[in-house]
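# A look at the structure
Each chain is listed here by its residues.
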Amino acid sequence: MTAQPIHGHEPERVPRNADGIGAALSGERRMEFYRELLAAAPEKAENVLRRWWLEAMLDTDPEADRRADAALAGTMPTVSLSELMTRRQEAGLPVE
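Let us look at the structure shown here. Source: prediction; values computed, not measured. (Residues numbered from 1 in each chain as written. Predicted model: local features only at pLDDT ≥ 70, side-chain atom pairs only at ≥ 80, totals over all residues. Heavy atoms only, no water.)

### Quick notes on the environment of Arg-29
Within the secondary structure, Arg-29 is located in helix α2 (residues 27-39). With 23 residues separating them along the chain, Arg-29 and Trp-52 place their C-alpha atoms 9.5 Å apart. The residues touching Arg-29, leaving out its near neighbours within four places in the chain, are Trp-52, Glu-55 and Asp-59. A polar contact of 3.0 Å, which involves the side chain of Arg-29, links it to the side chain of Asp-59. (Helix = DSSP H or I, 4+ residues; strand = E, 2+ residues; numbered from the N terminus. Contact = heavy atoms within 4.5 Å. Polar contact = N/O pair within 3.5 Å; in protein donor to acceptor, adjacent residues only side chain to side chain.)

Written out as structure tokens, the structure is:
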């Protein structure tokens, strides 16, 4: 099963490459990213980039504070599993 974003990011806030990720991270986190990437074996580098891209996307989310407040307050919108399955079927996405 593949996951599709609820809302696309066009253009993406953080380019999916080392330069884009490094630019989106600040100070100590940027250095941690580069240390981890440089230490990774070639076959593991893609996983490092993917993980840190997700971190950079979270760090640059303009709605992050609002989402965290809603989660802590218990007011974050939720969707039932059956509704999610229906949405995926209607979109022609796999549901298994």
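### Thoughts on the pattern of salt bridges
The tally for this structure, following the rule as stated, stands at eight salt bridges. Between Arg-29 and Asp-59 there is a salt bridge, with the nearest N and O atoms lying 3.0 Å from each other. Pair noted here: Arg-29 is in helix α2 and Asp-59 is in helix α3 (residues 42-59), with a separation of 30 residues, a long-range link. Arg-29 gets classed as partly exposed once you look at its relative accessible area, which sits at 27%. Residue Glu-46 is joined to Arg-50 by a salt bridge in which the shortest nitrogen-to-oxygen separation is 2.7 Å. Placement of both Glu-46 and Arg-50 in helix α3 is noted, with a separation of four residues, approximately one turn of the helix. On the basis of relative accessible area, Glu-46 is assigned to the exposed category, the value being 52%. Under the relative-accessibility criterion, Arg-50 is labelled partly exposed at 42%. (Salt bridge = Lys/Arg side-chain N within 4 Å of Asp/Glu carboxyl O. Buried < 20%, exposed > 50% of the residue type's maximum accessible area, 1.4 Å probe, protein only.)

### Quick look at the nonpolar core
Counting residues in hydrophobic clusters, the biggest one holds eleven residues: Val-14, Ile-21, Leu-25, Phe-33, Leu-37, Ala-45, Val-48, Trp-52, Trp-53, Ala-56 and Met-57. If you list the elements that add at least two residues to this core, you get α2 and α3. The greatest single-element share of this core, amounting to six residues, is contributed by α3. Discounting chain neighbours no more than four positions away, the residues touching Trp-52 are Ile-21, Leu-25, Arg-29, Glu-32, Phe-33 and Glu-36. (Core = buried A, V, L, I, M, F, W, Y, C linked by side-chain atoms within 4.5 Å.)

### Observations concerning the environment of Glu-32
Relative to the assigned elements, Glu-32 resides in helix α2. A relative accessible area of 34% places Glu-32 in the partly exposed class. Sequence separation between Glu-32 and Trp-52 is 20 residues, and the spatial gap between their C-alpha atoms is 9.8 Å.

### Regarding the packing of aromatic side chains
This model, assessed by the stated rule, comprises two aromatic pairs. Seen in terms of ring centroids, Phe-33 and Tyr-34 are 5.0 Å apart; in terms of plane orientation they differ by 50°. Their pairing is tilted. Of the residues examined, Phe-33 reaches a relative accessible area of 0% and is grouped as buried. Judged by its relative accessible area of 27%, Tyr-34 falls in the partly exposed class. We note Arg-16 situated over the ring of Trp-53; from NZ or CZ to the ring centre the distance is 3.6 Å. (Phe/Tyr/Trp six-rings, centres within 6.5 Å; stacked < 30°, edge-to-face > 60°. Lys NZ or Arg CZ within 6 Å of the ring centre and 35° of its normal.)

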